[in-house]
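Each chain, written out:
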Amino acid sequence: LSSAASDVYKRQSFIRKDETGKKNLLFVVNFTPVDRPDYRVGVPKRCKLSLLLDNVHGAYKPSQCPTYTAVKSECDGQPYSISYPLGGYGTAIFRF
């Protein structure tokens, strides 16, 4: 693989949509040891995302979930995006 092509496999994100569209999950995974302090990931709509779990803090209590607001900034083929500090070998799960 070329360097650009192999870079695709170093960080991945995907969305798991629920039937109602009200409890969608966004999974973000970094397969490298490199911290990404301002990692941008695309989302399909303007919304608030609650961080449910990450590899630093584990699962957050429902009342203590940090929130991130999607902004109009195209990324990953999506019209909106958030910026999140993704650590090396980091994982994060958001609900929106």
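Position numbers for residues count from 1 along each chain, tracking the sequence in the order it is written. Whole-chain, interface and lining totals are the exception, using all residues; otherwise, since this is a predicted model, local features are given only for residues with pLDDT of at least 70 and side-chain atom pairs are given and counted only at 80 or more. Hydrogens and water molecules were not included; the side-chain quantities draw on all heavy atoms of the structure.

Peer 1: Where do I start with the environment of cysteine 65 in this structure?
Peer 2: For helices the rule is a DSSP run of H or I covering at least 4 residues; for strands it is a run of E covering at least 2, with both sets numbered from the N terminus onward. For cysteine 65, the position within the fold is in the loop between β5 (58–59) and β6 (67–69). Cysteine 65 sits twelve residues away from leucine 53 along the chain, and the two C-alpha atoms are 8.4 Å apart. Here, residues are in contact when the closest pair of their heavy atoms is within 4.5 Å. With sequence-adjacent residues up to four places away left out, cysteine 65 is seen in contact with Ser50, Leu51, Leu52 and Tyr60.

Peer 1: Mind showing me how you'd approach the packing of aromatic side chains here?
Peer 2: For any pair of aromatic rings, the description consists of the separation of the ring centres together with the inter-plane angle of the planes. The criterion for an aromatic pair is that two Phe, Tyr or Trp rings (for Trp, the six-membered ring) have centres within 6.5 Å, with stacked assigned to planes under 30 degrees apart, edge-to-face to planes over 60 apart and tilted to the rest. Scanning the model with the defined rule gives four aromatic pairs in all. Measuring from ring centre to ring centre gives 4.7 Å for phenylalanine 14 and phenylalanine 27, while their planes differ by 10°; the resulting arrangement is stacked. Taken together, the residues phenylalanine 14 in strand β1 (residues 11–16) and phenylalanine 27 in strand β2 (residues 25–30) connect sequence positions 13 residues apart. Phenylalanine 14 gets classed as partly exposed once you look at its relative accessible area, which sits at 48%. Classification of phenylalanine 27 as partly exposed rests on a relative accessible area of 22%. Summarising the aromatic geometry, the rings of tyrosine 84 and phenylalanine 94 are spaced 5.2 Å apart at their centres and angled 90° between planes, so their arrangement reads as edge-to-face. Pair noted here: tyrosine 84 is in strand β8 (residues 78–86) and phenylalanine 94 is in strand β9 (residues 91–95), with a separation of ten residues, a long-range link. Buried means the residue's accessible area, taken with a 1.4 Å probe over protein chains only, is under 20% of the maximum for its type, while exposed means over 50%, and partly exposed covers the values in between.

Peer 1: Could you clarify how one ought to interpret unusual backbone geometry in this entry?
Peer 2: The phi torsion of most residues other than glycine is negative, and most of the peptide bonds are trans. Backbone geometry at aspartate 76 places phi at a positive 55°, although glycine is not the residue there. Within the secondary structure layout, aspartate 76 lies in the loop between β7 (71–75) and β8. Of note, tyrosine 89 is a non-glycine position whose phi angle comes to about 55°, a positive value. Position of tyrosine 89 relative to the elements: it lies in the loop between β8 and β9.

Peer 1: Please explain the nonpolar core as it appears in this structure.
Peer 2: Soluble globular proteins tend to bury their nonpolar side chains together. Core analysis: the largest hydrophobic core is formed by 21 residues, its most contacted members being Leu26, Val28, Leu49, Leu51, Ile82, Tyr84 and Phe94. In this view, leucine 51 contacts Tyr60, Cys65, Pro66, Tyr68, Tyr84, Ala92, Ile93 and Phe94; residues no more than four positions away in its chain are not counted. Side-chain atoms within 4.5 Å link the members of a nonpolar core, which is a set of buried Ala, Val, Leu, Ile, Met, Phe, Trp, Tyr and Cys residues.

Peer 1: Looking at this structure, I do not really get the pairing of β7. What am I missing?
Peer 2: In regular strands, side chains alternate between the two faces of the sheet. DSSP-based pairing: two strands are paired if at least 2 bridges between them are found. As paired strands, β7 and β8 are joined by three bridges and run antiparallel to one another. Counterpart to cysteine 75 in the pairing with β8 is glutamine 78. Turn length for the β7-β8 hairpin, with the two strands adjacent in sequence and antiparallel, is two residues, and the turn residue aspartate 76 shows positive phi of about 55°.

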